[in-house]
Number of protein chains: 4
Amino acid sequence: MTRIAILGATGYTALELIKILLHHPDAEITTLTSRQESNPPIAMVHPSLTDRLDLCLENLGPTEVASRADCVFSCLPHGVTASLVPHLLDAGCRVIDFSADYRLNDSEVFEQWYGQKHSDPDRLGKVVYGLPELFREDIIDAPLVANPGCYPTSVILALAPLLKKGMIKPTEIIVDSKSGLSGAGRTLKLTTHYAECNESLSAYNIGRHRHTPEIEQILSTAGNTNVEIIFTPHLIPMDRGILSTAYSLPVGEVSEEKLLDTLREFYANEPFVRVVDHLPGTKDTMGTNYCDITARVVRNRVLTISCIDNLIKGASGAAVQNFNLMYGHDETTAL
Amino acid sequence: MTRIAILGATGYTALELIKILLHHPDAEITTLTSRQESNPPIAMVHPSLTDRLDLCLENLGPTEVASRADCVFSCLPHGVTASLVPHLLDAGCRVIDFSADYRLNDSEVFEQWYGQKHSDPDRLGKVVYGLPELFREDIIDAPLVANPGCYPTSVILALAPLLKKGMIKPTEIIVDSKSGLSGAGRTLKLTTHYAECNESLSAYNIGRHRHTPEIEQILSTAGNTNVEIIFTPHLIPMDRGILSTAYSLPVGEVSEEKLLDTLREFYANEPFVRVVDHLPGTKDTMGTNYCDITARVVRNRVLTISCIDNLIKGASGAAVQNFNLMYGHDETTAL
Amino acid sequence: MTRIAILGATGYTALELIKILLHHPDAEITTLTSRQESNPPIAMVHPSLTDRLDLCLENLGPTEVASRADCVFSCLPHGVTASLVPHLLDAGCRVIDFSADYRLNDSEVFEQWYGQKHSDPDRLGKVVYGLPELFREDIIDAPLVANPGCYPTSVILALAPLLKKGMIKPTEIIVDSKSGLSGAGRTLKLTTHYAECNESLSAYNIGRHRHTPEIEQILSTAGNTNVEIIFTPHLIPMDRGILSTAYSLPVGEVSEEKLLDTLREFYANEPFVRVVDHLPGTKDTMGTNYCDITARVVRNRVLTISCIDNLIKGASGAAVQNFNLMYGHDETTAL
Amino acid sequence: MTRIAILGATGYTALELIKILLHHPDAEITTLTSRQESNPPIAMVHPSLTDRLDLCLENLGPTEVASRADCVFSCLPHGVTASLVPHLLDAGCRVIDFSADYRLNDSEVFEQWYGQKHSDPDRLGKVVYGLPELFREDIIDAPLVANPGCYPTSVILALAPLLKKGMIKPTEIIVDSKSGLSGAGRTLKLTTHYAECNESLSAYNIGRHRHTPEIEQILSTAGNTNVEIIFTPHLIPMDRGILSTAYSLPVGEVSEEKLLDTLREFYANEPFVRVVDHLPGTKDTMGTNYCDITARVVRNRVLTISCIDNLIKGASGAAVQNFNLMYGHDETTAL
C-alpha cells in the first residue's frame, strides 16, 4: 500500500484526486495539507467527502509530509511547489506535481510567462512531462513528474501524432479552445461568479495564456521541430470539459481518412485515447479519463477536434495514470 | 424630466434599473454612486452599458446627491440606507429604497432579524410598502417607498387575495420558494461560485430567512389577522426567476375554480399580475414585470404557485412601477 | 461471473447502469435489447461508451434473453415489463425491474394511477421493493426486485425512520420535491427541449404524480399506519439530482438534535445514507450512490431535506446495490 | 400604424419578434400564421405572451395574409418562404424574410447548400441583404428584405470593415463560432434535448454549415474580392448568444490599435455596433440589438471577436431595425 500525501487539498483537482484514489486498491491517503490554520476535517471543505475520508487538513512542512507519505501529489499554486519539491525528493518521496513549475525546460521561459523567478531552475529540463501517451517509459522510474496542464493535454494528444508523422506544418497552427469553469479553480473571482458567467461566453488571455509555451515545447519535442501556435481559450458556462478545435496546414496531400488512420494507429494501444469518426462532445468524456479525438479536412486545412474532462484526463486522472505507471500498477487502475 | 440618482450602482438590481430607466421617456439618470474611490465609468463595472450611459460612479454624500436628483433609488445594503434616507428626504428628494430598512413596522423585529440597531426607528410604521397591487393609493404621494423583497413579492401576491377573502387559514402556511442565483447578489461567495452552485440545488437559511417577517407583516395587514408562515428558500442553478409554492389550509370548502376566480377578480385591473390556468414557469416571466399565479387543491390543501423575475417584478421593475405612480406616469411606462 | 442482460438499453438509466457494471468484477453484460430494428452498436446510441462495451442492441424476446443471461435488468417502460417478467422468471432468470410495474401491491391502485390494466396482477404484493435500507433481508433471495422510483427513494429514506419511531404524524405530510431533467428521460418532449427548460423552473403533475401512491405505500408499511402525502414535483434546470423538502407534524416534542440522532441511529450501519448536520446540496451526491439527509424544526413543524443523484441512488446505483445483495457480493461493489 | 403579419409564429424568432413589436408605437400585429390546424391562441403556444397578445394562430394563404397586413415578417423554413413571397409582393405587401431563401445571389449555390430547387430563382441577386450597417440605403425602399443569418451577422460585422480597408487577406480566414442552443430552433431533436446538450460542448456541421456561402458572398461584396472562409460552428450550453472568433492574415503591418481605430471609424455612427477594448462576453449583448466587437493581433495574425444575441441582432432585432428603415421610423425604435 502506497502512502499518499496531497498538498493543497482544498481545490477541485485535489477533490477529484481524492475521489479517484478512494477507489484505488493500492493507495492510502494519509495526509492532506492546506495553509489554513484551523485544521478542518476535509469533509467540511468538500461536503461530498462526508463519511468517505476521515482526515483533517494540516499546515505541514515537507519534512513532516515526507515522514508520512511515499508519494506526494502537489496541487499547490505555481511558484510554491518548486520551493518544496527539492525537500520532498531529498527526503525520498516521489512527487507528482499539478503546477506548471516543472513543465517547462527553460527557466527564462518560465519567468517570462509566469512573472516570477524559478526557485529550482537547475532541475528544469530533467523532469518528465507526465503524458503517458508520449513519455510513458520515462515516467515509470521518475522521482518527479510534471503533470500536464488541461488545455495542453487536449491539444497535444490531437496534434502530436500528425506532427510526428510530418503530416502538418509546425507553424501557423491555430488552437481555439473552450473550457468549462471548474478549470478556473475555486478561488473567488468575478469572472467565475455564477450570475456573471452563466449563460455567457467569452474569450480570455488571448495571446498570453500560460499554456502556450507548454504546448509549443511538448509539440516541438514530439515533432522534432519548432512548433508555433496561436492559442485562444474561451470560458464556457458548464462545470467540466475542454474542447479544442485546432486548425493546421497539411504537408502534401491529406484526407480525413488518412488523418484518422494515422491517429488510430498511433493510439492503437492506448487505454485512454479514443479516435472517433463522429464529432465528439465533452459530455462523452465527462467523469472519465478519456480523450476523444477526430479530424476533418476543410479547404485544404486540417481540423482536429479533441475533448477531455479537464479535472480528470486534464488533471487528476492523468496524475493517477502516472502514479499507476510509477508504482507498477495496471495503468487503468481506479480510472 | 425627473432627475434620478441611483445609490449603490454596482449590483444587479441597479444594472437592471438602469436598463429600464434608459427606456423611460421621463427619467434622466444624473447620478450613480458607489463607495469605490476610483470613480470608474459605469460601463467598466457593467460592460453591457457600454455606449448606453456615459456616467461615472461617484462616492457622494446625501447633500450632493440631493442637489442633482429629484428621485433617489437606493440599492444600498440593509443598514446603510437608513442612515442616508432622512437627509435625502429633508433635502426634498423622494426615495425608493431597495433595502429592507423601511419594510418592517417595528424596529425590534428589524433588530431581531437583521442583527443591528435601526438608525431611523421613528419612521418605521409610517413608510408605504411599495407593492402597488395592495398599496397603490398610498404610494402615489409617498416621499419614501420601501420597495418589496423578491421572495415576498412572489408570496404576497399569491396569498393576499385568499387571506383577504378569508378562504385560507392564516397560520400553518408553508412556503417553499426557489430562486435563481442573481438573487444572491454580486458579492463574491463560495455559495455563488459557478463550479459550486451550477448543477446543484440546496435549501438555505431554513427558518431564519429575513424575508419571513416581511411576508408575515404584509400578509397580516392584508388579511387583517395574524399570519404565520414557514418559509424555506432554495437556490436554483439559473440566473433569474423565483417560483414560490405555498401550501395553506382552506377555510370551508374550496375548489380550484373558486380559487382562480377569486384571484382573477382581485387582479382584474392589474397590469402586471396574470392569473393563469396552467402551471407557470419562471421563464414565462423572465425579463418582464409580470407575476404569474395559479392555484390547485390537493387533498383539501390549497396550493398556490407564483413566479416572477426576481430582478424585475422582484426589484427594479417594481421600483419603476412605484416611480411611475409617484410621478404621475402611466404605471406601465418603460416596463 | 454473472451474465447480465439489460432490456431497453437506450435510455439514461441503462447508460448509467452499464457504466457502473463495467466496473463490477463479477458482472458481464452479454445482452442489450431495444425495439429498434437496426441493431446499432451501443456506442452509436451512447457515444460515451465508445471502446468500452462492444455490443449491439438487439430486438429479442424473453426466451432468447434468458438463454444469455442469469440476471436481467429491465429498463423498459411501465406496462411493457409486466408482460415479459413472468417469462423471464419461468426461464430461471432473476429480474431487477426499473419500471413501476411491480412496486405497488394493489392492481387497482396501479390501474388508477397508470391508466392501464396490469398484465400480471397476481404477482403484486409478493414482490420485494428494492430499497435495501428497509427491505434488505427480503432482497437477498428475491427472484424479482422492484427497483424504487427516484423521488420515492429520496422521500422514503428521509421519512421512514421518523414514522417508524412515531415521531411524526402519518398524515398532512407535504413533500416538495425538485428534480434535474435527466429524470424526465430521453424521449423528446417540448418540456425537456433545452431552450424551453433551461433557465426556467416549474412545478408539474401536481396532485397526480405517479410516485405518490408508491411513497405512501412504502411509508405506510414502514410506519405501520396509513400515510398520506401531498406531493409536488418541480423541474430544475440541471442534469441530475433530486432534493426533497418534506414538512410533517411532530408527535409530542421534537428537536433538531433528537431528529438527527434518530436518523443517525437508524442508518448507523448503512453504507449509502449520510445523515448530515449541514443543509446538503444535490452536488454532494452527484455521481454517487449516497443519499444525504438532514432535519430541522421550524415553528413546531419537522422539516427533512434529502438529496440523491436520481440516476444512481435513484435508479441504477440502487439496482446494482440490489444486484450485489442478490448475488452475495459486498453491497458496495462497483458503487 | 403599420399592420403586421408574422408567418410561422410558433418558433423562437417569432416569439422574440412579437415581444419587440409589442413595444413598437407604429406596428400592430394583426395576423399570426402556422400550419397547425387547431388555431390555438398564441399564448397557448408561447405562455409568456399571456395577456399580451390576443390573437390565434391561423393557417392562411398569402391572399388572406395580404388583405390583413402591410408588412409581412416570414419566419417560415427555408424553401417554404420562396413559394409564398411572390404572391405577397404581388399583393402589395412588403416582406422581411428570416429564411435563407433570398440571401444568396445564385440559385445554383442555393441548391448546392440547401439541397433543394429554388422556386423563385429569378429574384435572386435582386434582393437586398438586410444588414443596415452595410446596405442601409438599399433597405429603405426595398419591397423584400433578406434578413441575415445569425452567424453571418456576427462574422460579417467583424470582418467587413477590415476587408473593405484592405487590412486583411480575403482568403485563409478561419471563423470559429460558438452559439447558444436557441439558435437550433424549437423543433425537437436529440441534439437539443436538455440532458444531452446541457454541460456539453461540441462542434457540428464542420465544413458544410449553410451560413458559409452567405458569409462569403456578403464579405466578397463588401471587400470587392473573392472571400473564402473555413467556418466551424459549435453548440454551447446556454440559451442565447453567438461569439465568433475569426483569424485572418494581415496585409502589411497591423496593430491592435489600428484595427480598433478602423472598426471604430467604420461604425462611428452605427447605433447597434459597439467596438470595445475589452474582450466582450455574449451576456453583454443579451436581450439587446448590439453587436460587440474587438480585435487583437497575435503572432502576426489578426483576431476579431464579435458577439450578439442570436435571437435579436441575429434575427428579430435586425428585422425590426430593417422594418424601421423601410417605414421611416427612427432606426432604434422599440430596440
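Please read all numbers here as calculations on a predicted model, not as lab measurements. The residue count restarts for each chain, going from 1 along the sequence in the order it is written. Naming scheme: in the order in which they are written, chains are lettered from A and ligands are numbered from 1. Owing to the predicted nature of the model, reporting of local features is limited to residues with pLDDT of at least 70; listing and counting of side-chain atom pairs is limited to 80 or more, with chain, interface and lining totals taken over all residues. The basis for the side-chain values is all heavy atoms of the structure; hydrogens and waters are excluded.

Trainee: Looking at this model, I keep getting lost on the overall build of chain A. Mind explaining?
Mentor: Across its full length, chain A carries 11 helices and 14 strands. Both definitions apply: the radius of gyration is a C-alpha atom measure, and the globule rule equals 2.2 Å times residues to the power 0.38. The C-alpha atoms of chain A give a radius of gyration of 19 Å, which matches the 20 Å a tight globule of 335 residues would have. Each principal axis of the C-alpha distribution contributes one length, and for chain A these read about 60 × 45 × 40 Å. Note on definitions: a residue-residue contact is assigned when non-hydrogen atoms from the two residues lie within 4.5 Å. Taking as baseline every contact in chain A between residues at least 6 positions apart, the subset at least 24 positions apart corresponds to 69%. Each accessible area is a Shrake-Rupley estimate made with a 1.4 Å probe; only the visible protein chains count as cover when residues are assessed. Total accessible area computed for chain A in this model is approximately 11,300 Å², and 46% of it derives from carbon and sulfur atoms. We treat Lys and Arg as the positive residues and Asp and Glu as the negative residues; His and chain ends play no part in the count. Where a charge lies is defined by one atom per residue type, namely NZ (Lys), CZ (Arg), CG (Asp) and CD (Glu). When the 28 positive and 41 negative side-chain charges of chain A are each reduced to one mean point, those points stand 4 Å apart. Only DSSP runs of H or I reaching four residues or more are called helices, and only runs of E reaching two or more are called strands; each is numbered from the N terminus.

Trainee: Just checking my understanding: could you explain the relation of the copies chain D and chain A for this structure?
Mentor: The operation relating the pair of chain copies consists of a rotation about an axis and a translation along that axis. Its rotation angle being 180°, the transformation that places chain D on chain A also includes 0.0 Å of axial translation and leaves an RMSD of 0.0 Å. In the structure described here, the two chain copies are related by an operation that fits a two-fold rotation axis. Mapped onto chain A, 100% of the interface residues of chain D again fall at the interface, so both copies present the same surface. The copies were overlaid with a least-squares fit restricted to C-alpha atoms from residues scoring a pLDDT of at least 70 in each copy.

Trainee: Got a minute to help me understand the sheet that holds strand S8 (residues 173-179) of chain A in this structure?
Mentor: All names here are of chain A. Strand order in this open sheet of seven strands is S9-S10-S8-S11-S14-S13-S12, and the pairing throughout is mixed. The open sheet has two free edges, formed respectively by strand S9 (202-203) and strand S12 (273-275), since each of these has just one partner strand. Along the sheet face, helix H7 (residues 150-164) touches S8, strand S10 (229-235), strand S11 (242-248), S12, strand S13 (291-298) and strand S14 (301-308) and points at about 140° away from the line of S14. The pairing criterion for strands is at least two bridges between them, as found by DSSP. Between N-to-C directions, angles cover 0 to 180 degrees, with each direction set by a line fitted to C-alpha atoms, over the stretch in contact for helices.

Trainee: When you look at the packing of aromatic side chains in this model, what are you seeing that I'm missing?
Mentor: How two aromatic rings sit relative to each other is set out by the distance from centre to centre and by the angle between their planes. In summary, the pairing rule links any two rings of Phe, Tyr or Trp, Trp by its six-membered ring, whose centres are within 6.5 Å, and it sorts them by plane angle into stacked for under 30 degrees, edge-to-face for over 60 and tilted for everything else. The final tally for this structure, using the stated rule, is 30 aromatic pairs over all chains. Ring centres of phenylalanine 272 of chain A and tyrosine 290 of chain A lie 6.1 Å apart, and the angle between their planes is 65°; on these two criteria the pair is classed as edge-to-face. One end of the pair, phenylalanine 272 of chain A, is in the loop between helix H10 (256-266) and S12; the other, tyrosine 290 of chain A, is in the loop between S12 and S13, with 18 residues separating them in the sequence. Across the pair, tyrosine 290 of chain A and phenylalanine 272 of chain A agree in class, each one buried. Through successive ring pairs, a cluster of aromatic residues spans Phe73, Phe323 and Tyr327 of chain A. In this structure, arginine 94 of chain D packs its charged tip against the face of tyrosine 327 of chain D, placed 5.0 Å from the ring centre. Placement of a charge over a ring requires the Lys NZ or Arg CZ to be within 6 Å of the ring centre, with the centre-to-atom vector within 35 degrees of the ring normal. In this structure, arginine 274 of chain D packs its charged tip against the face of tyrosine 290 of chain D, placed 3.9 Å from the ring centre. Each residue gets one of three labels from its accessible area relative to the maximum for its type: buried under 20%, exposed over 50%, partly exposed in between, using a 1.4 Å probe on protein chains only.

Trainee: I would appreciate a short explanation of empty space enclosed by the protein in the present structure.
Mentor: Unoccupied space between atoms shows up once a probe the size of one water molecule is rolled over them. The distinction between a cavity and a pocket rests on a 1 Å grid over the protein atoms alone: a 1.4 Å probe fits inside a cavity but cannot get out, while a pocket stays open yet meets protein on both sides within 12 Å along at least five of seven lines, and a residue with an atom within 4 Å of a point counts as lining. Grid points are joined across faces, edges and corners, and a volume is the space filled by probe spheres set on the points. Scanning all chains against the criterion turns up one cavity of 30 Å³ or more. What the largest cavity holds in volume is close to 70 Å³. Together, 16 residues line the largest cavity, and Asn198 of chain A, Asn198 of chain B, Asn198 of chain C together with Tyr194 and Asn198 of chain D are the ones closest to its centre. Throughout this entry, Asp, Glu, Lys and Arg are counted as charged residues, while Ala, Val, Leu, Ile, Met, Phe, Trp, Tyr, Cys and Pro are counted as nonpolar. The remaining residues, Gly among them, count as polar. Here the lining of the largest cavity is composed, by residue class, of eight nonpolar, four polar and four charged.

Trainee: Any chance you could explain the sheet that holds strand S6 (residues 128-129) of chain D here in plain terms?
Mentor: Hydrogen bonding along the main chain pairs the strands of a sheet, whether they run parallel or antiparallel. Residue and element names in this part refer to chain D. The seven strands are arranged S3-S2-S1-S4-S5-S7-S6 in an open sheet whose pairing can be described as parallel. Each end of this open sheet is capped by a strand with a single partner; those strands are strand S3 (57-58) and S6. Pairing analysis gives four bridges linking strand S1 (residues 2-7) to strand S4 (residues 71-74), with the strands arranged parallel. When the bridges of S4 are listed, isoleucine 6 appears paired with phenylalanine 73. The sheet contacts of helix H11 (residues 312-326) involve S1, strand S2 (27-33), S4, strand S5 (94-97) and strand S7 (144-146), and relative to S5 the element is tilted by about 160°.

Trainee: Any chance you could explain the confidence of the model for chain A here in plain terms?
Mentor: Caution is warranted with low-pLDDT regions, since their predicted coordinates should not be read in detail. You can read pLDDT as the predictor saying how much it trusts each residue, on a scale of 0 to 100. In the predicted model, chain A carries a mean pLDDT of 97, and 100% of its residues have values of at least 70. For this predicted complex, the interface confidence reaches an ipTM of 0.96, while the overall pTM sits at 0.97.

Trainee: So what exactly am I meant to see when it comes to the state of the cysteines here?
Mentor: Here, disulfide denotes a covalent bond that connects the sulfur atoms of two cysteines. Residues and elements named next belong to chain B. Count a disulfide wherever a pair of cysteine sulfur atoms falls within 2.5 Å. A complete count under the given rule lists zero disulfides over all chains for this structure. Unpaired in terms of disulfides, cysteine 150 finds its nearest cysteine sulfur in cysteine 291, a separation of 12 Å. Using a relative accessible area of 14% as the deciding quantity, one classes cysteine 150 as buried.

Trainee: Would you mind showing me how to read the interface of chain C and chain D here?
Mentor: Many descriptions give the size of an interface as the accessible area lost when the pieces come together. Between chain C and chain D, the contact holds 20 residues from the first and 20 residues from the second. A 1.4 Å probe defines the accessible area here, and the buried area is the portion of it lost by two parts on being joined, summed over both. When chain C packs against chain D, close to 1,700 Å² is buried across both sides, 55% of that on carbon and sulfur atoms. Contact with chain D buries surface across chain C, with Leu188, His193 and Tyr194 of chain C losing the most and accounting together for 41% of the total. Salt-bridge detection follows one rule: a side-chain nitrogen of Lys or Arg within 4 Å of a carboxyl oxygen of Asp or Glu. Remark: the boundary between chain C and chain D carries two salt bridges. Residue glutamate 196 of chain D is joined to arginine 186 of chain C by a salt bridge in which the shortest nitrogen-to-oxygen separation is 2.7 Å. Whenever a nitrogen or oxygen atom comes within 3.5 Å of another N or O atom, the pair is scored as a polar contact, on the condition that within protein one atom can donate a hydrogen and the other can accept it, and that pairs from neighbouring residues in sequence are kept only if both atoms are in side chains. In this structure, the connection of chain C to chain D is made through 14 residue pairs in polar contact (both at pLDDT 80 or more). Taken together, the residues that form the side of chain C that touches chain D break down as nine nonpolar, six polar and five charged.

Trainee: Please clarify how the environment of valine 302 of chain C should be interpreted in this entry.
Mentor: Residues and elements named next belong to chain C. Position of valine 302 relative to the elements: it lies in strand S14 (residues 301-308). C-alpha of valine 302 to C-alpha of methionine 167: the two residues are 135 residues apart in sequence and 9.4 Å apart in space. Once residues within four sequence positions are removed from consideration, valine 302 is found in contact with Leu162, Ile168, Ala246, Tyr247, Ser248, Pro250, Val254, Leu259 and Arg296.

Trainee: Whenever I open this one, the interface of chain D and chain A confuses me. Can you help?
Mentor: In this complex, chain D contributes 44 residues to the contact, which on the side of chain A involves 44 residues. Together, Glu199, Leu201 and Arg299 of chain D form the three largest contributors to the area buried by chain D at its contact with chain A, with a combined 19%. Across the contact surface, chain D and chain A share eight salt bridges. Among the salt bridges present, the one from glutamate 228 of chain A reaches arginine 299 of chain D, with a minimum N-O distance of 3.9 Å. Scanning the region where chain D abuts chain A turns up 28 residue pairs in polar contact (both at pLDDT 80 or more). Contributions of two or more residues to the side of chain D that touches chain A are made by strand S8 (173-179), helix H8 (194-197), strand S9 (202-203), strand S10 (229-235), strand S11 (242-248), strand S13 (291-298) and strand S14 (301-308) of chain D. Residues of the side of chain D that touches chain A, tallied by class, amount to 21 nonpolar, 10 polar and 13 charged.

Trainee: Sorry if this is basic, but what is going on with the side chain of glutamate 216 of chain C here?
Mentor: On the secondary structure map, glutamate 216 of chain C appears in helix H9 (residues 211-223). Residue glutamate 216 of chain C is classed as buried on the basis of its relative accessible area of 12%. Only 2.8 Å separates the side chain of glutamate 216 of chain C from the backbone nitrogen of isoleucine 229 of chain C, close enough to count as a polar contact. Not counting residues within four places of it along the chain, the set of residues in contact with glutamate 216 of chain C comprises Arg299 of chain B together with Val227, Glu228 and Ile229 of chain C.

Trainee: Hey, could you run me through helix H1 (residues 12-21) of chain D in this one?
Mentor: Working note: α-helix, 3.6 residues per turn, so residues spaced by three or four point in the same direction. Extensive coverage of H1 of chain D is indicated by the burial of nine of its 10 residues. All of the buried residues along H1 of chain D are Tyr12, Ala14, Leu15, Glu16, Leu17, Ile18, Lys19, Ile20 and Leu21 of chain D. Each element contacted by the buried residues of H1 of chain D is listed here: helix H8 (194-197) of chain C together with S1, S2, helix H2 (42-45), S4 and H11 of chain D.

Trainee: I'm lost on unusual backbone geometry in this one. Help?
Mentor: Trans peptide bonds make up the majority, and among non-glycine residues the majority have a negative phi. Although it is not a glycine, asparagine 39 of chain C sits at a positive phi angle of roughly 50°. Its location among the elements puts asparagine 39 of chain C in the loop between strand S2 (27-33) and helix H2 (42-45). Exposure remark for asparagine 39 of chain C: the relative accessible area of 35% places this residue in the partly exposed category. The phi dihedral of arginine 299 of chain D falls on the positive side, at around 45°, and the residue is not glycine. Assignment of secondary structure puts arginine 299 of chain D in the loop between S13 and S14.

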